[in-house]
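Take a look at the letters that make up each chain.
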Amino acid sequence: TQDEMLKSSIPMYVNAVMSVCAFGLTVHLIPRIKSMFVQANLYGVDMSKRCSEKIPEAIGVVTGCVFLITMFLFIPIPFTDCLFRNINFPHNEFVDFLAALLSICCMLLLGFADDVLDLRWRHKLLLPTIASLPLLMVYYVNFNSTIIIVPKPLRSWFGFSLDLWIFYYVYMGMLAVFCTNAINILAGINGLEVGQSLIIATSILIFNIIELFGSQWKAHQFSIYFILPYIATSLALFKFNWYPSQVFVGDTFCYLSGMTFAVVGIIGRFSKTTLLFFIPQIINFLYSIPQLFHLVSCPRHRLPKYNEKIDKLEPSRTVFYKSDLGTLGKLSMWIFRKCKLIKWEEDSEGFVTCNNLTLINFILIKTGPLREPKLTSILLIIQIISSILAFVIRYPLASIFYDV
Ligand code: UD1
Ligand code: MG
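Residues numbered from 1 in each chain as written. Chains lettered and ligands numbered in written order. Predicted model: local features only at pLDDT ≥ 70, side-chain atom pairs only at ≥ 80, totals over all residues. Heavy atoms only, no water.

(A) Structural detail: a positive patch on the surface. Together, Arg337, Lys338, Lys340 and Lys366 make up a positively charged patch on the protein surface. Summarising the element assignment, Lys366 is placed in helix H14 (residues 359-367). (Patch = residues over 30% accessible without salt bridge, like charges linked within 9 Å, V, L, I, M, F, W, Y side chains within 5 Å. Areas by Shrake-Rupley, 256 points an atom, 1.4 Å probe, with all protein chains shown as cover. Salt bridge = Lys/Arg side-chain N within 4 Å of Asp/Glu carboxyl O. Lys, Arg positive; Asp, Glu negative; His and termini not counted. Charge placed at Lys NZ, Arg CZ, Asp CG, Glu CD. Helix = DSSP H or I, 4+ residues; strand = E, 2+ residues; numbered from the N terminus.)

Okay, structure coming up:
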């Protein structure tokens, strides 16, 4: 009834008010706390600027903490009714909530460890897997539904539904690994990490609001509880990270964001839709594969190269001898060259200069040198267009694959 609807939406309004406070607190906190980071040797140099001043790094830990504190204070709110009237307390919902927070909290710690210790690549893959274990455990206890509905065109082979069994858990663990790292490797220019995360979060929020009127409204309400404070704290960070950056977000922020999206997707059971909002990140990942798996040499930093004279960014490059490539390396480079996806220069001795394989560099190849804020804006516009595309795929087109 209307009365019940109103009652169940009160926690959301409380959450919104708390988010506004969290935004204010973060904006207040960052400028005051940032010098402490430089003192603690947590700083980076902006590689796309003329001066090389120390910019505090890993400020994502500040927004992450404010986000978690907001969530901790919020915990009792959705359950007050049950607490006061002492009637059937929804223990499983409560456990979902706590496990989600535990996973995010764990990821914040591991992300910060990465910023402080500069971990190796294999650890970057391991950390999110570990952080998602509590969540998977709770999923097992609370839902343990590993059955998926098969898309219509494939039903003649697999039937109507398919039990993925343990592989569903592997998929969920990999989702956490993908979400966290995919944001981290589409990075390196001012405002991009936070900007893309904000667009993904807003897309998830819009999706949740639409679905609030559907049968799964509870799961989507749960997601909104997390996404609103996340957006609020990240927006505050965006203010300081936009060109010219006063602070860097660090891997802490990338991990925190990816984990938050994975968590709400898993608990809200809309992980496929969450992935749809990652289209640019998926493209960037696929394009990066030859370098990520070391089929082609991969320098420590792949961010665009700054040209001081014109104050613009140019594609950064990697160099290698063609004869050093393995079969897979040769094959992938051949495909990329045929599709005109890379800028490939080869001299008579087989010494190759090729752009680093990131979406950022790809844009620069196609457009020519750009100023940093313009490049970030283009990438963020691509992110927005992809989100619109995701909604088209999710709503009108989904009827081709599923009965919706
Ligand atoms: C990832 C990328 C790397 C990219 C880096 C940039 C892969 C495999 N790794 O590495 O190619 O160069 O992110 O973040 O794709 N920085 C700027 N301007 C910015 C943001 C960052 O100059 O707007 C520089 C700063 O020196 C900062 C450093 O990048 O200290 C942070 O890099 P870090 O996050 O440690 O790199 P990774 O995530 O390991
Ligand atoms: Mg990083």
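(B) Structural context of the coordination of the magnesium ion (ligand 2). Around the magnesium ion (ligand 2), the protein supplies Asn184 (OD1) and Asp251 (OD) as donor atoms, at distances of 2.1 Å. Here Asp251 lies in helix H10 (residues 250-267) and Asn184 lies in helix H7 (residues 166-185), a separation of 67 residues in the sequence. Each of the two residues, Asn184 as well as Asp251, counts as buried. (Donors = N, O, S within 2.8 Å, 3.2 Å for Na, K, Ca; no water. Buried < 20%, exposed > 50% of the residue type's maximum accessible area, 1.4 Å probe, protein only.)

(C) Summary view of the site of ligand 1. Val45, Glu57, Asn190, His301 and Arg302 are the nearest of the 20 residues found near ligand 1. Contact distances for ligand 1 include 3.5 Å between an oxygen atom and a backbone N or O atom of Ile189. Between ligand 1 and Leu303 there is a distance of 3.5 Å, counted from an oxygen atom to a backbone nitrogen or oxygen. Expressed as a share of its isolated accessible area of 730 Å², the protein-covered part of ligand 1 is 93%. Along the lines of polarity and charge, the residues of the shell around ligand 1 split into 9 nonpolar, 5 polar and 6 charged. (Near = heavy atom within 4 Å. Polar contact = N/O pair within 3.5 Å; in protein donor to acceptor, adjacent residues only side chain to side chain. Nonpolar A, V, L, I, M, F, W, Y, C, P; charged D, E, K, R; others polar.)

(D) Quick peek at empty space enclosed by the protein. The final tally for this structure, using the stated rule, is 1 cavity of 30 Å³ or more. Of the voids in this model, the largest cavity is the one considered here, and its volume is about 30 Å³. Considering the residues around the largest cavity, the lining is formed by Leu186, Leu192, Gln196, Pro280, Leu359, Leu379, Ile382 and Gln383. Listing elements by their share of the lining of the largest cavity, those giving two or more residues are helix H8 (192-211) and helix H15 (372-401). Here the element with the most residues in the lining of the largest cavity is H15; it accounts for 3 residues. Grouping the amino acids of the lining of the largest cavity by side-chain chemistry returns 6 nonpolar, 2 polar and no charged. (1 Å grid on protein atoms, 1.4 Å probe; cavity = no way out; pocket = protein on both sides within 12 Å on 5 of 7 lines; lining within 4 Å. Points joined across faces, edges and corners; volume = space filled by probe spheres on them.)

(E) Representation of the environment of Gly268 within the structure. Considering the arrangement of structural elements, one finds Gly268 in the loop between H10 and helix H11 (271-276). The exposure class assigned to Gly268 is buried, which follows from its relative accessible area of 4%. Counting along the chain gives 50 residues from Gly268 to Lys218, while the straight-line C-alpha distance between them is 8.3 Å. Apart from the residues lying within four places of it in its own chain, the contact partners of Gly268 are Ala219 and Val263. (Contact = heavy atoms within 4.5 Å.)

(F) Looking closely at unusual backbone geometry. A cis amide bond, omega -20°, links Tyr243 with the succeeding residue Pro244. Summarising the element assignment, Pro244 is placed in the loop between helix H9 (217-241) and H10. Residue Asp311 is not a glycine yet carries a positive backbone phi of 55°. For Asp311, the position within the fold is in the loop between strand E5 (305-307) and strand E6 (312-314).

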